[in-house]
Amino acid sequence: MTIFSVQSTLFTRASVALLSSNGLKRFSFASSFSSAALYSPPLPKTKKRRFPIVSAVDIGGVTVARNDVVRDDDPTNNVPDSIFSKLGMQLHRRDKHPIGIIKNAIYDYFESTYAKKFETFEDLSPIVTTKQNFDDVLVPADHVSRSLNDTYYVDSQTVLRCHTSAHQAELLREGHRRFLVTGDVYRRDSIDSTHYPVFHQMEGFCVFSPEDWNESGKDSTLYAAEDLKKCLEGLARHLFGAVEMRWVDTYFPFTEPSFELEIYFKEDWLEVLGCGVTEQRILKQSGLENNVAWAFGLGLERLAMVLFDIPDIRLFWSDDERFTSQFGKGELGVKFKPFSKYPPCYKDISFWISESFTENNFCEVVRGIAGDLVEEVKLIDSFTNKKGMTSHCYRIVFRSMERSLTDEEVNDLQSKVRDEVQRKLNVELR
Ligand code: FA5
Ligand code: MG
């Protein structure tokens, strides 16, 4: 048992989120928004990684130059090349890709249940202002998700959106009342089979008027919360048929009450979405003070993992034909047949951490060197000596999904990790 699973039972959500400033965040339930406002120390700028350099990407017809997004001249910029290269991929717009297939299946559900009531948006730029990403949805100034440790900043006022909720306010201001927004989102995060620094979300938003809830005799918030749960349970049944699921109460700055839906998958509960009844202040900003609304944010990779039985989130980025050829437009009944399970290779690394050390920074160094050859990074030991120095030992699991790795290759990766961790993270190797 790792020390994390002990913590998962000992700590509340908020205290697990607090630990993120010490690099101990690792659970899906501790993901950025479902945590209370907590301070995370600013990070020294880390240098760019060695990665194939892409000079420009096309985001839905707009060319974005690398130099505008990966910048050495701005101390706030923390976007590595590995992330920049993902900006134009738009997996959600590929009809034969599992992410595109699941998006279309969700569209079908909304069409069949609410005929033409929801507008869809799927090419809004992932490069947004901090106002859109945070302020407009009431994320407090000291919330952990705003830190350079959790979010990719282009400059102090521009980020790669870390959720599709970044578009709620502008769409409301433009007059839209029921909509679905799908897009790629970006987060500095831990490394394991269900977390990846780029993933896809679908935001749903639905505004109600007094006549909607008056008839029901229910209070507006209860009416919206019940409608929301009914909508999402219906969606889960549409996608999965009979599946074991449960609602968990949570916290988001932009909704009250707030919930997460978890689905039982591979002998564990997997969080697939966050949702809730929209805070009145958000509606008021758009002149909707007499209305009530619900909103949700679905994790499309997580839903696709359950639907197609995909065991590792890295697979979505594979262009290996043995993966891509298994999926077809509109084919929902497919179960992914793993084409290989190449052997993993475990390497441990121990060091004395410094004040500023965080696990996300460590994971980013590892990913910058090993890319998708790293399957998991986990803390397997931690202690503080009499002098007050804290040591961490991490186990890095290297495994390719496409071939066997040689000892030489893995030793080389590990040696680069050791060098860079020392150089960039101000830690002392043991
Ligand atoms: C949000 O991002 C909220 N914006 C969702 C929301 C919208 C709540 C509207 C209320 C109203 P959260 O950080 O929990 O919440 O992420 C939502 C979902 O994204 C998660 O349930 C999970 O399915 C998925 N997710 C989060 N982090 C990752 C990751 N690193 N890799 C893959 N999927 C992830
Ligand atoms: Mg969450």
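It should be noted that the structure appears before, not after, this text.
Here's what I pulled together on the structure shown here. What you are looking at is a predicted structure, and each value in this text was computed from that prediction instead of being measured. (Residues numbered from 1 in each chain as written. Chains lettered and ligands numbered in written order. Predicted model: local features only at pLDDT ≥ 70, side-chain atom pairs only at ≥ 80, totals over all residues. Heavy atoms only, no water.)

**A closer look at the environment of D123**
Right, so step 1: With respect to the secondary-structure elements, D123 resides in the loop between β3 (119-121) and β4 (127-129).
Right, so step 2: Each C-alpha atom of the pair D123 and R93 lies 8.8 Å from the other, and the pair is 30 residues apart in sequence. (Helix = DSSP H or I, 4+ residues; strand = E, 2+ residues; numbered from the N terminus.)

**Remarks on the environment of K96**
Right, so step 1: Structurally, K96 is set in the loop between α4 (81-84) and α5 (98-114).
Right, so step 2: Relative accessible area serves as the criterion here: at 59%, K96 is assigned to the exposed category.
Right, so step 3: Measuring from C-alpha to C-alpha, the distance between K96 and T324 comes to 7.9 Å, with 228 residues separating the pair along the chain.
Right, so step 4: Dropping the residues within four chain positions of it, K96 is found in contact with I101, F327, G328 and K329. (Buried < 20%, exposed > 50% of the residue type's maximum accessible area, 1.4 Å probe, protein only. Contact = heavy atoms within 4.5 Å.)

**Here we look at the pairing of strand β14 (residues 374-384)**
Right, so step 1: Pairing geometry for β14 and strand β15 (residues 390-398), over 9 bridges, is antiparallel. Paired with L379 across the strands is Y394, a residue of β15.
Right, so step 2: Hairpin connection from β14 to β15: 5 residues lie between these consecutive antiparallel strands, with G388 at a positive phi of about 85 degrees. (Pairing = 2+ DSSP bridges.)

**Points about the pairing of strand β10 (residues 255-265)**
Right, so step 1: The buried fraction of β10 amounts to 8 of the 11 residues, a majority that puts the element mostly inside the structure.
Right, so step 2: One ladder, built from 7 bridges, connects strand β9 (residues 245-252) with β10; its direction is antiparallel. Its bridge partner lying in β10, V248 is registered against E260.
Right, so step 3: Here β10 pairs with strand β11 (residues 268-278) via 9 bridges, running antiparallel. Residue pairing in the sheet places S258 in a bridge with G276 of β11.

**Focus: the sheet that holds β11**
Right, so step 1: What the 7 strands build is an open sheet, ordered β3-β7-β8-β12-β11-β10-β9; its pairing is mixed. Taken across any chain shown, the strands that pair with only one partner, and hence form the sheet edges, are β3 and β9. With strand direction ignored, the average angle separating the axes of adjacent strands in the sheet is 20 degrees.
Right, so step 2: When β11 meets strand β12 (residues 292-299), the two strands line up antiparallel, connected through 5 bridges. By the bridge assignment, V277 is partnered in β12 with W294. (Axes fitted to C-alpha atoms, helices over the stretch in contact; angles between N-to-C directions.)

**Comments concerning the side chain of S391**
Right, so step 1: Checked against the element boundaries, S391 lands in strand β15.
Right, so step 2: In this structure the side chain of S391 is engaged in a polar contact, spanning 3.0 Å, whose partner is the side chain of R430.
Right, so step 3: Look past the residues within four positions of S391 in its chain and what remains in contact with it is F351, W352, D381, S382, F383 and R430. (Polar contact = N/O pair within 3.5 Å; in protein donor to acceptor, adjacent residues only side chain to side chain.)

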